[in-house]
Amino acid sequence: QKEVEQNSGPLSVPEGAIASLNCTYSDRGSQSFFWYRQYSGKSPELIMFIYSNGDKEDGRFTAQLNKASQYVSLLIRDSQPSDSATYLCAVNLLQIQGAQKLVFGQGTRLTINP
Amino acid sequence: NAGVTQTPKFQVLKTGQSMTLQCAQDMNHNSMYWYRQDPGMGLRLIYYSASEGTTDKGEVPNGYNVSRLNKREFSLRLESAAPSQTSVYFCASSEQGRDEKLFFGSGTQLSVL
């Protein structure tokens, strides 16, 4: 079993709807959780991070964490065509001397249809 | 402020050739990383450097070596390239801390024939 699992998609959502992206992880010792967005041919960029159970909102984005179920999700409200990208879930398994050993899922490709 | 700069952007090698990927950051970050990205595999950590003078293996270190030349620069060397090393390579840096984000370079597309 991969340490971080995502549905690779593609996930197709109509413009204006809510896009829901899911991620599960295997290590209960995981400390913090990140969502990165990657446009085709570009490098990843951080959207949000979360480390406490519950929801964290930032504009149209909401990250949800359930450590008991080892589940983290990202909701995108009022989806726009510019949200079309691959979304990478990353889990921080360990910090060594301040560096982060992130383990990434395989990414979910999201397409927003106008 | 350039952020994280990687060179080259593209490279084609023959099996058995060697090369070094260069990475430099101008954000005064202590930690630097090398990832590879293959289709359907996400990003996998090759090596990282928590601070100047230290380097450690990540998930997939075989076939690679690294050098943390100074606080700014972290290079990745392929001593004898293999077709399995065909990939997109990303360098990244971060501040130290649990929730610090990674800043990525623009990537190097490497093909080994």
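Note that the coordinates shown come from a computational prediction; the quantities given were computed from them, not determined experimentally. (Residues numbered from 1 in each chain as written. Chains lettered and ligands numbered in written order. Predicted model: local features only at pLDDT ≥ 70, side-chain atom pairs only at ≥ 80, totals over all residues. Heavy atoms only, no water.)

Enquirer: Just to check I follow, could you spell out the overall build of chain B for this structure?
Expert: Along chain B, the regular secondary structure elements total zero helices and eleven strands. Over its C-alpha trace chain B gives a radius of gyration of 13 Å, about what one expects of a compact globule, namely 13 Å for 113 residues. Considering only C-alpha atoms, chain B reaches an extent of 40 × 30 × 25 Å along its principal axes. Evaluated residue by residue, chain B yields a buried proportion of 49% over its 113 residues. Long-range pairs, those at least 24 residues apart, make up 55% of the contacts in chain B with a sequence separation of at least 6. If you sum the accessible surface of chain B, you get close to 5,000 Å²; carbon and sulfur atoms cover 48% of it. (Helix = DSSP H or I, 4+ residues; strand = E, 2+ residues; numbered from the N terminus. Rg over C-alpha atoms; globule rule 2.2 N^0.38 Å. Buried < 20%, exposed > 50% of the residue type's maximum accessible area, 1.4 Å probe, protein only. Contact = heavy atoms within 4.5 Å. Areas by Shrake-Rupley, 256 points an atom, 1.4 Å probe, with all protein chains shown as cover.)

Enquirer: Where do I start with the interface of chain B and chain A in this structure?
Expert: Taken together, the 27 residues of chain B in the interface contact 25 residues of chain A. Across the chain B to chain A interface the summed buried area is about 2,100 Å²; carbon plus sulfur atoms make up 53%. At the boundary of chain B and chain A, one finds zero salt bridges. At the junction of chain B and chain A, the tally comes to five residue pairs in polar contact (both at pLDDT 80 or more). Counting only elements with at least two residues in the side of chain B that touches chain A, the list comes to strand 4 (31–38) and strand 5 (42–49) of chain B. For the side of chain B that touches chain A, a count of residues per class yields ten nonpolar, ten polar and seven charged. (Buried area = accessible area lost by both parts, 1.4 Å probe. Salt bridge = Lys/Arg side-chain N within 4 Å of Asp/Glu carboxyl O. Polar contact = N/O pair within 3.5 Å; in protein donor to acceptor, adjacent residues only side chain to side chain. Nonpolar A, V, L, I, M, F, W, Y, C, P; charged D, E, K, R; others polar.)

Enquirer: Even after reading the chapter, I still don't get the nonpolar core, so can you show me in this structure?
Expert: Most often, soluble globular proteins have nonpolar side chains that are buried together. One finds A:Trp35, A:Val72, A:Leu74, A:Ile76 and A:Tyr87 to be the most contacted residues of the largest nonpolar core, which totals 25 residues. Elements that contribute at least two residues to this core include exactly strand 3 (19–25), strand 4 (32–38), strand 5 (45–50), strand 7 (61–66), strand 8 (71–76), strand 9 (85–96) and strand 11 (108–113) of chain A. For this core, the leading source of residues is strand 9 of chain A, giving five residues. Leaving out residues up to four positions away in the same chain, A:Val72 has contacts with A:Leu21, A:Asn22, A:Cys23, A:Phe33, A:Trp35, A:Ile50, A:Gln64, A:Leu65 and A:Cys89. Within the second largest apolar cluster, 19 residues are counted, among which are B:Met19, B:Leu21, B:Ile46 and B:Ala81. (Core = buried A, V, L, I, M, F, W, Y, C linked by side-chain atoms within 4.5 Å.)

Enquirer: Teacher, can you tell me more about the sheet that holds strand 7 of chain A here?
Expert: Strand pairing within a sheet occurs via backbone hydrogen bonds; the two strands may be parallel or antiparallel. All names here are of chain A. An order of 1-3-8-7-6 is seen for the five strands of this open sheet, with the pairing classed as antiparallel. The open sheet has two free edges, formed respectively by strand 1 (4–6) and strand 6 (54–58), since each of these has just one partner strand. For this sheet the average axis-to-axis angle between neighbouring strands, irrespective of direction, equals 20°. When strand 6 meets strand 7, the two strands line up antiparallel, connected through five bridges. Counterpart to Gly54 in the pairing with strand 7 is Leu65. (Pairing = 2+ DSSP bridges. Axes fitted to C-alpha atoms, helices over the stretch in contact; angles between N-to-C directions.)

Enquirer: Where do I start with the state of the cysteines in this structure?
Expert: Structurally, a disulfide amounts to a covalent bond that connects the sulfur atoms of two cysteines. Evaluated as defined, the whole model comprises two disulfides over all chains. Here A:Cys23 connects covalently by a disulfide to A:Cys89, the sulfurs 2.1 Å from one another. What sets the handedness of the A:Cys23 and A:Cys89 disulfide is the S-S torsion sign, and at about -75° it is left-handed. Of this pair, A:Cys23 sits in strand 3 while A:Cys89 sits in strand 9, placing them 66 residues apart in sequence. On the basis of relative accessible area, A:Cys23 is assigned to the buried category, the value being 1%. A sulfur-sulfur distance of 1.8 Å marks the disulfide that ties B:Cys23 to B:Cys91. An S-S torsion of about -75° defines the bridge between B:Cys23 and B:Cys91 as left-handed. (Disulfide = S-S within 2.5 Å.)

Enquirer: In this structure, what is going on with unusual backbone geometry? I would like to understand it.
Expert: Apart from glycine, the bulk of residues carry a negative phi angle, and the bulk of peptide bonds sit in the trans form. A cis geometry characterises the amide bond from B:Thr7 onward to B:Pro8, with omega recorded as -5°. Despite not being glycine, A:Gln70 has its phi angle at roughly 55°, a positive value. Counting through the fold element by element, A:Gln70 comes out in the loop between strand 7 and strand 8. With a phi angle near 50°, A:Asp78 is a residue other than glycine that sits in the positive phi range. Residue A:Asp78 is classed as partly exposed on the basis of its relative accessible area of 42%.

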